[in-house]
Amino acid sequence: MAKETLLLTIGVLGGTGKEGKGLAYRWAKAGYQVLIGSRYSEKAVTAASEIMELLEGESSVVGTTNQEAAGQANIVVVTVPYSGHRELLENVREALNGKLVIDTTVPLVPPKVSKVQMPPAGSAAQEAKEILGENVEVVAAFQNVSYEYLLGDEDIACDVLVTGSSKKARQEALTLVEAAGLVGWDAGPIENSVVVEGLTSVLININKQYGSTHAGIKITGAQKPSGS
Ligand SMILES: NC(=O)c1ccc[n+]([C@@H]2O[C@H](COP(=O)([O-])OP(=O)(O)OC[C@H]3O[C@@H](n4cnc5c(N)ncnc54)[C@H](OP(=O)(O)O)[C@@H]3O)[C@@H](O)[C@H]2O)c1
């Protein structure tokens, strides 16, 4: 990986949780500097030291507030439940100006989490774009990967569909998908996020019907050019 890529700092907002901690672990392992963000800085410091313990190396994972992580990072990843999505984005909006935001949020509405229920904007990613404005690129990714895979070192047999507000933004996000050890696909414009986010409810339904805990998806019939 190019040296300048590894110098990028990734801020994971809500990185104290299940999905965020797993992604932070994988990116730190790949050599990125990672900031774990939280509403409570002590909680973030604890999560960061837990990840550092797992890594047993010279990786850089630092815990701080969501505000600081959003301000200091080059790329910001949102990993909070949908119930806190809008408030978080409104709180860090200024700090995200000009940055790439990767949104992992699935707009689940408990208790009916196996039923697709999209917000008026069309999807959580489109809602994020509406809140953050023109100067912020928003990409949706990782909605279909269970956190249970991410904190391990095994290959993950589940693909990642990446939708977003520009091709350049999707390409940047795809680099991070690959760095996390997953296969990613450019799945088109941000309007397509409804499918990617909605697919999570379909997978939850499959888990319920078939007694699994982490059903995922794999793209067939298409081949990626080597090196992408
Ligand atoms: N879990 C999965 O397997 C999975 C898979 C794909 C996508 N996702 C998506 O990833 C996102 C996070 O899922 P998760 O399972 O990691 O969630 P989680 O563990 O329940 O929560 C993640 C973090 O979000 C913060 N948070 C909770 N409520 C909040 C609120 N009202 N406002 C602001 N921050 C809040 C908390 O951090 P602090 O208390 O430290 O602030 C918490 O540690 C969700 O949108 C989910 O749909 C999850």
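Residues numbered from 1 in each chain as written. Predicted model: local features only at pLDDT ≥ 70, side-chain atom pairs only at ≥ 80, totals over all residues. Heavy atoms only, no water.

A.B. asks: Can you tell me about the nonpolar core, naming the residues and giving the values?
C.D. replies: Core analysis: the biggest nonpolar cluster contains 37 residues, and W27, I36, I102, F142, V160, V162 and L182 have the highest contact counts within it. Listed by contribution, the elements that provide at least two residues to this core are β1 (9-13), α2 (18-29), β2 (33-38), α3 (41-55), β4 (75-78), β5 (100-103), β7 (160-164) and α8 (167-179). A total of 6 residues in this core trace back to one element, the largest contributor, which is α8. Contact partners of L182, with chain neighbours within four places excluded, come to F142, V145, L150, I156, C158, V160 and V177. (Core = buried A, V, L, I, M, F, W, Y, C linked by side-chain atoms within 4.5 Å. Buried < 20%, exposed > 50% of the residue type's maximum accessible area, 1.4 Å probe, protein only. Helix = DSSP H or I, 4+ residues; strand = E, 2+ residues; numbered from the N terminus. Contact = heavy atoms within 4.5 Å.)

A.B. asks: Tell me about the site of the ligand, and please be specific about residues and values.
C.D. replies: In the vicinity of the ligand there are 21 residues, among which T16, E19, S38, K43 and V80 approach most closely. The backbone of G17 places a nitrogen or oxygen atom 3.2 Å from an oxygen atom of the ligand. One of the backbone nitrogen or oxygen atoms of V80 is found 2.7 Å away from an oxygen atom of the ligand. When isolated, the ligand has an accessible area of 890 Å², and the protein chains bury 81% of it. Across the shell around the ligand, the residue classes tally to 7 nonpolar, 10 polar and 4 charged. (Near = heavy atom within 4 Å. Polar contact = N/O pair within 3.5 Å; in protein donor to acceptor, adjacent residues only side chain to side chain. Areas by Shrake-Rupley, 256 points an atom, 1.4 Å probe, with all protein chains shown as cover. Nonpolar A, V, L, I, M, F, W, Y, C, P; charged D, E, K, R; others polar.)

A.B. asks: Can you explain the packing of helix α5 (residues 85-92) against helix α6 (residues 124-132)? Please cite residues and give values.
C.D. replies: Working note: a packed helix pair is described by the angle between its axes plus the distance between those axes. Following both chains from N to C, one finds α5 and α6 inclined at 30°, their axes separated by 10 Å at the closest point. Between α5 and α6, the angle falls in the class roughly parallel. The two elements α5 and α6 meet at a crossing, and its hand is right-handed. Here H85, R86, L89 and E90 of α5 come into contact with α6, specifically with A124, E127, A128, I131 and L132. Among the residues making up the contact of α5 with α6, the classes are represented as 5 nonpolar, 1 polar and 3 charged. (Axes fitted to C-alpha atoms, helices over the stretch in contact; angles between N-to-C directions. Parallel < 35°, antiparallel > 145°, perpendicular 65-115°, else oblique. Left-handed = near helix turned anticlockwise from the far one by under 90°.)

A.B. asks: Go over the sheet that holds strand β8 (residues 184-189) with me, naming the residues and quoting the values.
C.D. replies: Across the sheet, 8 strands lie side by side as β3-β2-β1-β4-β5-β6-β7-β8; this open sheet has mixed pairing. The open sheet is flanked by β3 (60-65) and β8, the only strands paired with a single partner. The average undirected angle you get between the axes of adjacent strands in this sheet is 25°. Of the pairings in the sheet, the one linking β5 to strand β6 (residues 137-140) comprises 4 bridges and is parallel in character. (Pairing = 2+ DSSP bridges.)

A.B. asks: For α5, give the residues involved together with the corresponding values.
C.D. replies: Those residues of α5 that sit buried are H85, L88, L89 and V92. Across the axial projection of α5, the buried residues extend over an arc of 95°, all falling on one side. Taken together, the buried residues of α5 touch β1, α4 (66-72), β4, β5 and α6. (Arc of directions from axis to C-beta.)

A.B. asks: Mind laying out the pairing of β1, listing which residues take part and the relevant values?
C.D. replies: Burial within β1 is extensive, with 5 of its 5 residues counted as buried. Of the two faces of β1, the one carrying T9, G11 and L13 and the one carrying I10 and V12 are both buried. Sheet topology note: the β1/β2 ladder contains 5 bridges and is parallel. Residue T9 lies in a different strand from β2, and its bridge partner there is Q33. Traced from β1 through α2 to β2, the parallel crossover comes out right-handed. Here 4 bridges tie β1 to β4, and the two strands are oriented parallel to one another. (Right-handed = clockwise from strand over helix to strand, strands pointing away.)

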